[in-house]
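Structural description and commentary
Here's the letter readout for the chains.
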Amino acid sequence: MNEERDAGGAPVDWSPWVLQPLAAGVLCDYDGTLAPIVEDRDRAVPLPGAPTLLAQLARKLSVVGVVSGRPLEFLLANLGPLEGVSFFGLYGLERLYGRGRDQGVREVSQAALAWKDVMELVAAEAEVAAPAGVEVEHKGLTFVLHSRRRPELASWALGWAREAALEKGLTVQPGRLSVEVLPPVASGKGTVVEELSTPLRALCYLGDDRGDLPAFRALRRLRCAGKATLAVGVASPEQPPELAGAVDIVVSGPDGVLRLLRELASRLGCG
Ligand SMILES: [Mg+2]
């Protein structure tokens, strides 16, 4: 069921998270979910209170994490490090686990590292090809073509990225007035959700963009397998049309995300 609501609307059934918090988790996207979208992406900071809230949830739940296309360093600089909270940068290619056997260990996908030279070469080609107003963001193992300053060039950026990816055997991930080019490595938000879900009985994911759709699809598979899931879409003026049909509820922007997570924190008795 999909309904336009914020956390002040119909209550979410958090009982699977509250009854067995050590078999439950919450994962969320960063941009547009914890941090409002801003024109200068380097200045996208989380809403006040978001880091504290994640840390509070992490003291009760088995898994609390942030899963983003941003580099791991960016996430840590803006949110953390937060005790108990795991960070998944570049769609899971870079990781820092907040808990468990690998707690505190930074991991980089070796499979993706093998493509680093190719990625740098294609990113350099993108710099040459990009018309004024399309910006190339180098993220190490991936790069992004941004057309936020000239939205009319979004289709050029998508077309160029698709063609380059086809030629070099890479993959593309369209986003909000942006398109990311990635190495052809099994990763992505859906993969992260599935990996982390193994020991869990309940998992919630919150996200606002196309890159979150694989995570929502993964939740659907988990629900079919008998787990409790909650897919939360975050509404925005640039919301992709597929989002509403992929989620259980929609909240209104990062404010709505915080209200919803505070509701869970309160149910869990977080202090
Ligand atoms: Mg986002």
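The rules behind these values
- Residues numbered from 1 in each chain as written.
- Predicted model: local features only at pLDDT ≥ 70, side-chain atom pairs only at ≥ 80, totals over all residues.
- Heavy atoms only, no water.
- Domains from an automatic or database assignment.
- Buried area = accessible area lost by both parts, 1.4 Å probe.
- Salt bridge = Lys/Arg side-chain N within 4 Å of Asp/Glu carboxyl O.
- Polar contact = N/O pair within 3.5 Å; in protein donor to acceptor, adjacent residues only side chain to side chain.
- Nonpolar A, V, L, I, M, F, W, Y, C, P; charged D, E, K, R; others polar.
- Helix = DSSP H or I, 4+ residues; strand = E, 2+ residues; numbered from the N terminus.
- Expected span 1.5 Å × (residues − 1).
- Buried < 20%, exposed > 50% of the residue type's maximum accessible area, 1.4 Å probe, protein only.
- Arc of directions from axis to C-beta.
- Contact = heavy atoms within 4.5 Å.

Comments concerning the domain arrangement of the protein chain
Taken as a whole, the protein chain is organised into domain 1 (22-30 + 56-109 + 187-267) and domain 2 (112-182). Using C-alpha coordinates to define each centre, domain 1 is positioned 25 Å away from domain 2. Taken together, both faces of the contact between domain 1 and domain 2 bury some 1200 Å²; the carbon and sulfur share is 53%. For the domain 1 face of the interface with domain 2, the top three residues by lost area are Leu90, Tyr91 and Glu238, together amounting to 36%. In this structure, the connection of domain 1 to domain 2 is made through two salt bridges. Salt-bridge contacts for Asp208 lead to Arg176; the nearest nitrogen and oxygen are separated by 2.6 Å. Viewed at the interface, domain 2 and domain 1 are joined by eight residue pairs in polar contact (both at pLDDT 80 or more). Of the residues that constitute the side of domain 1 that touches domain 2, the class distribution is five nonpolar, four polar and five charged.

Points about helix H5 (residues 116-129)
Helix length check: H5, at 14 residues, gives a terminal C-alpha distance of 20 Å against a target of 20 Å (1.5 Å per residue), a fit within 8%. If you check which residues of H5 are buried, you get Met119, Val122, Ala123 and Ala126. The buried residues of H5 all sit within an arc of 105 degrees when viewed along its axis, so they share a single face. Every exposed residue of H5 that faces more than 90 degrees away from the buried side is listed here: Asp117 and Val128. Buried residues belonging to H5 abut strand E7 (135-138), strand E8 (143-146), helix H6 (154-168) and strand E10 (178-182).

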